[in-house]
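Understanding the architecture of this molecule
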Amino acid sequence: MKVLVIGGGAREHALCRSLSLDSDVNALYCAPGNAGIAEVAELRPVDQLDGEAVARLATELRADLVVVGPEAPLVAGVADAVRAVGIPVFGPSGEAAQLEGSKAFAKDVMAAAGVPTARSYVCTTPEEVDEALDAFGAPYVVKDDGLAAGKGVVVTDDRAAAREHALRCDRVVIEEFLDGPEVSLFAITDGVTVLPLQPAQDFKRALDGDAGPNTGGMGAYSPLPWGDPKLVDEVMASVLQPTVDELRHRGTPFSGLLYAGLAITSRGVRVIEFNARFGDPETQVVLARLRTPLASVLLGSANGTLDTLPPLSWREDAAVTVVIASHNYPETPRTGDPITGLAEVAELDAPYAYVLHAGTRTEGDAVVSAGGRVLSVTATGSDLAEARDRAYKAVARIGLDGSQYRTDIAAKAAEQR
Ligand code: AMP
Ligand code: GLY
């Protein structure tokens, strides 16, 4: 099978790594990719948001499967353009990707499907904003309706700050605050059959102890030793299957990856958000634990044949990933800094720990930072404590001027074992 992956972050590196280890895959391309992905896939330049260009590239490469990684191309309809030339695609249509692209659309689908989520108002005027803020009280949760790369959400006790954020957005969702730990649960679906993956937890705040601003994600781990063993079944029944069914009944079937961001509250599980693609950095730990070869599962989603596949098989191992971010991430990340230590990790820590590239490029012989999140250092172990030790040992070998990482990824969960 020839596979083309669209994107160039750590999620795509994780996807390409798994696909490169799959004996069904005999040619692997990534467009545009990054310096790390170049080690496992052949890179091609492409404008990820240009559906015609992606479809042309897929045709040229005679791809049997195109995997669209990030949300922006999905919302832009890139999967539709590739499907239109007759090539199977892993990823939802532009219409179905509105589940991530519009918080208001997602709320409407959840209401229709009876999926538990925070009560909310959609506001477009200052009067509506004031009313909604007062209806819920502090802490205030204010979400830009559109795509914002994980940075459109403000959670604060400060009413003035909440109001200011709301008025900066054209359309805003203001909702009830959900208390309780967060879990990310992914499912692969073909629009009918839903295959849940293993739950993971990610760390959204920039600094240790969940301090600092929201980011795209600073680290993740899986499994969740503190989690209820029935969680996956419960979320399948109350969230994933009803959402997939509702979208199919609306005539906008959702195939690809359905990401449920959940809060485990004292009143039960609530959906915080849906995403229409693999989450980053949770993908790095979930795929590290998946034993089933990946290509057949992604193709089953693309072809509508998931019901014919054997159940997914998982390793006993735990996995931890630690994100190394650039100087001043997330505000004004600095790029172009040289990265050292990559060869040492490959030599000394493989196969238990490895570096997935998030935002990197090559400059002559050097690998330099090219984004806010730069590397996602991933490790496996017999339990979280071992995976964590291995990940941080590898992190310590990496040099990147001014960079930052959290030191407490999976720390609490590792102690609970
Ligand atoms: P989102 O982009 O919707 O995932 O929101 C980003 C982060 O904001 C989430 O991971 C939560 O930590 C926080 N958040 C979003 N919605 C709520 C809510 N209703 N209650 C509490 N925290 C929330
Ligand atoms: N880990 C958060 C996200 O992918 O949106």
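Residues numbered from 1 in each chain as written. Chains lettered and ligands numbered in written order. Predicted model: local features only at pLDDT ≥ 70, side-chain atom pairs only at ≥ 80, totals over all residues. Heavy atoms only, no water.

**As for the site of ligand 2**
Residues in contact with ligand 2, as listed here, are Asp202, Lys204, Gly216, Tyr259, Asn275, Arg277, Gly279, Asp280, Pro281 and Glu282. Within the contact set of ligand 2, a nitrogen atom lies 2.7 Å away from a side-chain nitrogen or oxygen of Asp202. Within the contact set of ligand 2, a nitrogen atom lies 2.7 Å away from a side-chain nitrogen or oxygen of Glu282. Contact with the protein chains hides 92% of the accessible area of ligand 2, taken as 200 Å² for the molecule alone. (Near = heavy atom within 4 Å. Polar contact = N/O pair within 3.5 Å; in protein donor to acceptor, adjacent residues only side chain to side chain. Areas by Shrake-Rupley, 256 points an atom, 1.4 Å probe, with all protein chains shown as cover.)

**Side note on unusual backbone geometry**
Residue Pro32 follows Ala31 across a cis peptide bond; omega there is 0°. Along the chain, Pro32 falls in strand β2 (residues 27–32). Looking along the chain, the bond that leaves Ala138 and enters Pro139 is cis, with omega of -10°. With respect to the helices and strands, Pro139 occurs in the loop between α7 (126–136) and β7 (140–144). Here the phi dihedral of Asn328 falls at roughly 75°; this positive angle occurs in a residue that is not glycine. By the element assignment, Asn328 lies in the loop between β18 (318–325) and β19 (339–340). (Helix = DSSP H or I, 4+ residues; strand = E, 2+ residues; numbered from the N terminus.)

**Topic: the packing of aromatic side chains**
Applying the stated rule across the entire model yields six aromatic pairs. Summarising the aromatic geometry, the rings of Tyr121 and Phe136 are spaced 5.5 Å apart at their centres and angled 40° between planes, so their arrangement reads as tilted. Of this pair, Tyr121 sits in strand β6 (residues 120–123) while Phe136 sits in helix α7; the two residues are 15 residues apart in sequence, bridging distant segments of the chain. For Phe136, a relative accessible area of 18% corresponds to the buried category. Members of the aromatic cluster, each reached through a chain of ring pairs, are Phe90, Phe186, Tyr259 and Phe278. Above the face of the Tyr354 ring, Arg17 is positioned so that its terminal group lies 3.5 Å from the ring centre. (Phe/Tyr/Trp six-rings, centres within 6.5 Å; stacked < 30°, edge-to-face > 60°. Buried < 20%, exposed > 50% of the residue type's maximum accessible area, 1.4 Å probe, protein only. Lys NZ or Arg CZ within 6 Å of the ring centre and 35° of its normal.)

**Structural notes on the side chain of Ser255**
Along the chain, Ser255 turns up in the loop between α9 (231–249) and β16 (256–265). A distance of 3.5 Å separates polar atoms of two side chains, one belonging to Ser255 and the other to Arg83. With residues near it in sequence (within four places) discarded, Ser255 still touches Arg83, Gly91, Pro92, Thr189, Asp190, Gly191 and Ser301. (Contact = heavy atoms within 4.5 Å.)

**A few points about the pattern of salt bridges**
Applying the stated criterion to the full structure yields 29 salt bridges. A salt bridge links Glu176 to Arg119; the shortest N-O distance between them is 3.8 Å. With Glu176 in the loop between β9 (172–175) and β10 (182–189) and Arg119 in the loop between α6 (103–113) and β6, this residue pair connects regions lying 57 residues apart in the sequence. Since its relative accessible area comes to 11%, Glu176 is described here as buried. With a relative accessible area of 54%, Arg119 lands in the exposed category. Among the ionic contacts, a cluster of salt bridges with common partners joins Lys103, Glu182, Asp202, Lys204 and Glu273. (Salt bridge = Lys/Arg side-chain N within 4 Å of Asp/Glu carboxyl O.)

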